[in-house]
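These are the residues of each chain, in order.
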Amino acid sequence: MNTSFSLKNKVAVVTGGGSGIGLATVERFIAAGATVVMADLNDSNELANKVGATFIHVDVSKEQSVKDLLAQTQKTQGNIDILVNNAGICPPFKELKDTNIEDYEFAFKVNTLGVAFGLKYAPIYMNNGGSIINTASLSGKLGVFGLGAYSTSKFSVLSLTQTAAVELGERHIRVNAICPSSVDTPMAAENDQSQLEMEKIMIPLGRICQPEEAAALIHFLAADDCNFVNGQAINLCGGMTAGIGPKMWEKLAGSAGDK
Ligand code: NAD
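### A look at the pairing of strand E1 (residues 11–15)
And then number 1: Across the five residues of E1, five count as buried, placing the element largely inside the fold.
And then number 2: Burial along E1 is two-sided: Val11, Val13 and Thr15 and Ala12 and Val14, pointing in opposite directions, are all buried.
And then number 3: With respect to chirality, the unit in which E1 leads through helix H1 (residues 20–31) into the neighbouring parallel strand E2 (residues 35–40) is right-handed.
And then number 4: In terms of strand pairing, E1 meets strand E4 (residues 80–85) through three bridges, oriented parallel. Bridging across to E4, Ala12 finds its partner in Ile82.

### Section: the pattern of salt bridges
And then number 1: One pass over the structure, following the stated rule, counts seven salt bridges.
And then number 2: Asp103 is the salt-bridge partner of Lys94, the closest N and O atoms lying 2.9 Å from each other.
And then number 3: Residue classification places Lys94 among the partly exposed residues on the basis of a relative accessible area of 25%.
And then number 4: Across the salt bridge formed by Arg207 and Glu213, the nearest N and O atoms sit 2.8 Å from each other.
And then number 5: Note on Glu213: relative accessible area 30%, which makes it partly exposed.

### Topic: the site of the ligand
And then number 1: If you check the shell around the ligand, you find 28 residues, and the closest are Ser19, Asp40, Tyr150, Val183 and Thr185.
And then number 2: Between Asn42 and the ligand, the recorded distance is 3.3 Å, taken from a side-chain N or O atom to an oxygen atom.
And then number 3: Measuring from an oxygen atom of the ligand, one finds a backbone N or O atom of Asn86 at 2.8 Å.
And then number 4: The fraction of the free accessible surface of the ligand (830 Å²) that becomes covered by protein chains is 92%.
And then number 5: Within the residue set of the shell around the ligand, elements represented by two or more residues are H1, helix H5 (148–168) and helix H6 (186–189).
And then number 6: When residues in the shell around the ligand are grouped by element, the largest group, three residues, is from H6.

Calculation notes
- Residues numbered from 1 in each chain as written.
- Predicted model: local features only at pLDDT ≥ 70, side-chain atom pairs only at ≥ 80, totals over all residues.
- Heavy atoms only, no water.
- Buried < 20%, exposed > 50% of the residue type's maximum accessible area, 1.4 Å probe, protein only.
- Helix = DSSP H or I, 4+ residues; strand = E, 2+ residues; numbered from the N terminus.
- Right-handed = clockwise from strand over helix to strand, strands pointing away.
- Pairing = 2+ DSSP bridges.
- Salt bridge = Lys/Arg side-chain N within 4 Å of Asp/Glu carboxyl O.
- Near = heavy atom within 4 Å.
- Polar contact = N/O pair within 3.5 Å; in protein donor to acceptor, adjacent residues only side chain to side chain.
- Areas by Shrake-Rupley, 256 points an atom, 1.4 Å probe, with all protein chains shown as cover.

Function cannot be read off these values alone, since they describe shape.
In C-alpha cells form, the structure reads like this:
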C-alpha cells in the first residue's frame, strides 16, 4: 500500500496546466514523482520544459482535440493513471437578466463539455485503479450574484463527477471534484477586486486560497493512499460555508444599522 502520497511511475495529464491551479498541480505532481503532460490552449512548451513536463496542445471545448490529447499521451508516455480536468474560463460578470446565450455556450463548452470529453475518452487510455479529478468551483454548489453562466456550467461538473464515479467504479477508477472559492490566479485577478475583498470578510481564515493549496487537494485525490474517496465534491473555501464569523457579523450588523 502507498503511504507517502508518492506518484512514482504514474502518468498524469493536467488540462489548463499552463497557468494558475493547473500549473501548481503540474509542479506538485512532478515533485511527487509523476510523469506529467501539461495540456493547454496556450502554447506552454517553454514553461513545460522549464518545470520538467511535456506540453501537448488541447482545446478542451473540442471533442476530437481531447481525444487526440489522451491518445497521444498514451502513445508517448504509456497508459494514463491520473487526469485532472482543470481547464476553465469565467465569462464576464452579468446578472441573469443580462446573460445571453453566448455567455452560457462559452461557459458550457469549456467548463462542462471539456470535463465531459475527458470523462468520455480518458478511460480508454487509462489503467484500472486510476484517478480523475475535476476542478469545479464553490460556484458549482452555491448561486453567486453575477455568475449565473459560470455557476451553471460548474453545477453540471458535479453531476458529471457523480455519474462517472458510478460508471467507472468497476474499474476502480475514482472520480472526484474540488470546489474552491476564489483562488489567487490570473482568472481571479480579472474579477472585480471588491468581490475578493468581500470574500476575505466571508472566509473565517480571512484570505483567499493559493493555487498551491488547490494543487495539494488535487494531489491528495490523485494518490493511492486514500483510495476510498470517490464521487465527492470537496469544498476548498477556508470555512466560508461553515457559517458567519465575527468580521461578517460586524459587516452585516453595520449594514443593518445603516437602514
Ligand atoms: P487560469 O486562468 O490561471 O488558468 C486556466 C488555464 O486554462 C489557462 O492556462 C488557459 O489557457 C486554460 N484554458 C482555457 N480555456 C481552455 C481550453 N478551451 N482548452 C484548454 N485549456 C484552456 O485559471 P485558474 O484559476 O487556474 O482556473 C483553473 C480552474 O479552476 C478552472 O476550471 C476554474 O474555473 C477553476 N476555479 C478557479 C477559481 C479562481 O478563483 N481562480 C475558483 C474556483 C474554480
